[in-house]
Amino acid sequence: MTAINLVIGDLTSIVDDSVQFYFSIMTKGTVLEDAVLLFKRVAPEFVCTSCGHVFTGRSIGILCPGCGGKSIIADKGQEFYIESIEVDDGAD
Amino acid sequence: MARIEIRRNILEANDNLARRNRDFFAGNDVLVVNIMAAPGAGKTSTILKTIEYLGDRYAFAVIEGDMASRIDADVMAAKGIPVEQINTGNMCHLDANMIGQAAVKFTYDRPTLLLIENVGNLVCPSEFSLGEDLNIVIASTTEGHDKPYKYPSIYLRADAVLINKTDLMAAMEFDRKMFCDGVAAVKPMPPLFEISCRNGSGLSEWVEWLSGQCERKFGRDLGKSAER
Ligand SMILES: Nc1nc2c(ncn2[C@@H]2O[C@H](COP(=O)(O)OP(=O)(O)OP(=O)(O)O)[C@@H](O)[C@H]2O)c(=O)[nH]1
Ligand SMILES: [Mg+2]
Ligand SMILES: [Zn+2]
């Protein structure tokens, strides 16, 4: 069995079900037909503009849990990549 | 041992083409502006006004992205503006491949501003880099002041934000502070221009800023080619 580990940030417009849907169509009749997609979602991270504290949250405009300062979006949440694949090498 | 080669970044193919576009544009002294907004926010109107104000300083070319129709391209063509229409069919955004194919159809014999009207959509266009120099997001007072909170990703890309239809601000009860707080909750506040394509207010500030961006790029690129 082959498994593909995907990492998708919650700030992207990528929907797991859609990826799965198209993956199934595209792989039909290929060696990847039975491959399993495993989705790892990444919540956005915010950084406080006053104290630099980094925290996760669901939406923008959240005040810093540390100091109450205003936050902006940090790096995480925009991912869309293949992290790894797991393939059966017949070793066991 | 089964071994499968994989590409790590799933949009890598687009990113590579975007890089190729960027090289092409740099070599031809083209400043590329990717204009993103909701349907009807005033992308076409802003492009027309921008060319009206800056048309004697730079050459212009326009790429129109719409799912269907040539309506916007015909408006440009009627004014003698070089234009390519891309119809994306069911796709809700432009990608680097489409831009690469359209961009080579123009001739660039002097520094050119290429304005790209992306498909009206606040979601997907932000994920596909085109090889642009600047990403501009146009909000309009008619769509409400809460959009940065609902569509943060597109604002994350914005090198400048325009609020259009300011002539309707009062009628729309558009809360400028709430809007600006929303943009500032996404990233450090980018340059903001409040414009009206209807009564012309704020347009000169916007085009002066854009002109400044051109001077920077053309100055730098011209310097580069002199080094060779
Ligand atoms: N009152 C007012 N109306 C405007 C302004 N700018 C554009 N409009 C009107 O808004 C409508 C849409 O403008 P367009 O420039 O076509 O908008 P667009 O974003 O290109 O639209 P699509 O390409 O269809 O997504 C038109 O009826 C314009 O006349 C403005 O500043 N004030
Ligand atoms: Mg338009
Ligand atoms: Zn803080």
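Model, not experiment: these values are computed from the prediction.

Conventions and cut-offs
Residues numbered from 1 in each chain as written. Chains lettered and ligands numbered in written order. Predicted model: local features only at pLDDT ≥ 70, side-chain atom pairs only at ≥ 80, totals over all residues. Heavy atoms only, no water. Helix = DSSP H or I, 4+ residues; strand = E, 2+ residues; numbered from the N terminus. Rg over C-alpha atoms; globule rule 2.2 N^0.38 Å. Areas by Shrake-Rupley, 256 points an atom, 1.4 Å probe, with all protein chains shown as cover. Lys, Arg positive; Asp, Glu negative; His and termini not counted. Charge placed at Lys NZ, Arg CZ, Asp CG, Glu CD. Polar contact = N/O pair within 3.5 Å; in protein donor to acceptor, adjacent residues only side chain to side chain. Contact = heavy atoms within 4.5 Å. Donors = N, O, S within 2.8 Å, 3.2 Å for Na, K, Ca; no water. Buried < 20%, exposed > 50% of the residue type's maximum accessible area, 1.4 Å probe, protein only. Core = buried A, V, L, I, M, F, W, Y, C linked by side-chain atoms within 4.5 Å. Buried area = accessible area lost by both parts, 1.4 Å probe. Salt bridge = Lys/Arg side-chain N within 4 Å of Asp/Glu carboxyl O. Nonpolar A, V, L, I, M, F, W, Y, C, P; charged D, E, K, R; others polar. Pairing = 2+ DSSP bridges. Axes fitted to C-alpha atoms, helices over the stretch in contact; angles between N-to-C directions. Parallel < 35°, antiparallel > 145°, perpendicular 65-115°, else oblique. Left-handed = near helix turned anticlockwise from the far one by under 90°. Expected span 1.5 Å × (residues − 1).

**Student:** Kindly report on the overall build of chain A, identifying the contributing residues and their values.
**Tutor:** Summing up its helical and strand segments, chain A has 1 helix and 6 strands in all. Taking 92 residues into account, the globule formula puts the C-alpha radius of gyration at 12 Å, and chain A, at 18 Å, lies well above it. Once the C-alpha set of chain A is aligned to its principal axes, its extents read approximately 55 × 30 × 15 Å. Of the roughly 5,400 Å² of accessible surface on chain A, a fraction of 55% belongs to carbon and sulfur atoms. In chain A, 6 positive and 13 negative side-chain charges are present, and the distance between their average locations comes to 13 Å.

**Student:** Describe the side chain of Thr44 of chain B, and please don't skip the residues or the numbers.
**Tutor:** All names here are of chain B. Position of Thr44 relative to the elements: it lies in helix α2 (residues 43–54). Polar side-chain contacts of Thr44 include one of 2.6 Å to the side chain of Glu117. Excluding residues within four positions of it along the chain, Thr44 makes contact with Glu64, Asp72, Met76 and Glu117.

**Student:** I'd like a rundown of the coordination of the magnesium ion (ligand 2), residues and numbers included.
**Tutor:** With distances of 2.1 Å, the protein atoms coordinating the magnesium ion (ligand 2) are Thr44 of chain B (OG1), Asp72 of chain B (OD) and Glu117 of chain B (OE). Owing to a relative accessible area of 3%, Glu117 of chain B belongs among the buried residues under this scheme.

**Student:** Please provide a residue-by-residue account of the nonpolar core, values included.
**Tutor:** All names here are of chain B. Of all hydrophobic cores here, the largest spans 33 residues; its most connected members are Val33, Leu113, Leu115, Ile136, Trp206 and Leu210. The element contributing the most residues to this core is helix α9 (residues 203–227), with 7 residues. In contact with Leu113, not counting residues within four places along its chain, are Leu31, Val33, Leu54, Tyr58, Ala59, Phe60, Ala61, Leu210 and Cys214. Counting residues in each nonpolar core, the second largest holds 25 residues, with Leu122, Ile163, Cys180 and Val183 among its members.

**Student:** Go over the interface of chain B and chain A, please, and point to the residues and values.
**Tutor:** The interface is formed by 25 residues belonging to chain B together with 22 residues belonging to chain A. Together, the buried faces of chain B and chain A total about 1,900 Å²; carbon and sulfur atoms form 65% of this surface. Taken together, the connections running from chain B to chain A amount to 0 salt bridges. At the junction of chain B and chain A, the tally comes to 5 residue pairs in polar contact (both at pLDDT 80 or more). Counting residues per element, the ones that place at least two in the side of chain B that touches chain A are α5 (147–150), α6 (152–156) and α8 (176–184) of chain B. Per-class residue counts for the side of chain B that touches chain A are 16 nonpolar, 3 polar and 6 charged.

**Student:** Any chance you could break down the sheet that holds strand β3 (residues 45–48) of chain A for me, citing the residues and the numbers?
**Tutor:** Residue and element names in this part refer to chain A. Pairing is antiparallel across the open sheet formed by 3 strands, whose spatial order is β4-β3-β5. In this open sheet, the two strands that pair with only one neighbour each are β4 (54–56) and β5 (71–73). Each neighbouring strand pair of the sheet contributes to a mean axis angle of 35 degrees, computed without reference to strand direction. With 3 bridges connecting them, β3 and β4 associate as antiparallel partners. What sits directly across from Val47, in β4, is Val54.

**Student:** Account for the pairing of strand β4 (residues 112–117) of chain B, with residues named and values stated.
**Tutor:** The side chains of a regular strand alternate between both faces of the sheet. Residue and element names in this part refer to chain B. In terms of burial, β4 is a largely internal element, 6 of the 6 residues being buried. In β4, alternate side chains face the same way, and those of Thr112, Leu114 and Ile116 on one face and Leu113, Leu115 and Glu117 on the other are all buried. Relative to β4, strand β1 (residues 30–37) runs parallel, the two sharing 6 bridges. In the strand pairing of β4, Val30 is matched with Thr112. As paired strands, strand β2 (residues 59–66) and β4 are joined by 6 bridges and run parallel to one another. Across the sheet, Ile63 pairs through a bridge with Ile116, a residue of β4.

**Student:** Any chance you could break down the packing of α2 of chain B against helix α3 (residues 71–78) of chain B for me, citing the residues and the numbers?
**Tutor:** Residue and element names in this part refer to chain B. Close contact between α2 and α3 brings their axes to 11 Å; oriented N to C, the two are set at 15 degrees. With respect to each other, α2 and α3 are oriented roughly parallel. Handedness of the α2/α3 crossing: right-handed. Across the interface between the two elements, Thr44, Ile47 and Leu48 of α2 pack against Asp72, Val75 and Met76 of α3. Within the contact of α2 with α3, the residues separate by chemical class into 4 nonpolar, 1 polar and 1 charged.

**Student:** Just give me the short version of helix α1 (residues 12–27) of chain B, but keep the residues and values in it.
**Tutor:** The first and last C-alpha atoms of α1 of chain B sit 23 Å apart over 16 residues, in line with the 22 Å expected at 1.5 Å per residue. After α1 of chain B finishes, the residue Asp29 of chain B shows a positive phi value of roughly 55 degrees.

**Student:** Help me get a handle on the side chain of Lys43 of chain B, residues and values and all.
**Tutor:** Residues and elements named next belong to chain B. Examined against the element boundaries, Lys43 turns out to sit in helix α2. Although Lys43 lies buried, it forms no salt bridge, and the closest oppositely charged side chain, Glu117, sits 4.3 Å away as judged by the N-O distance. Within polar-contact distance, the side chain of Lys43 engages the backbone oxygen of Ala38 at 2.9 Å.

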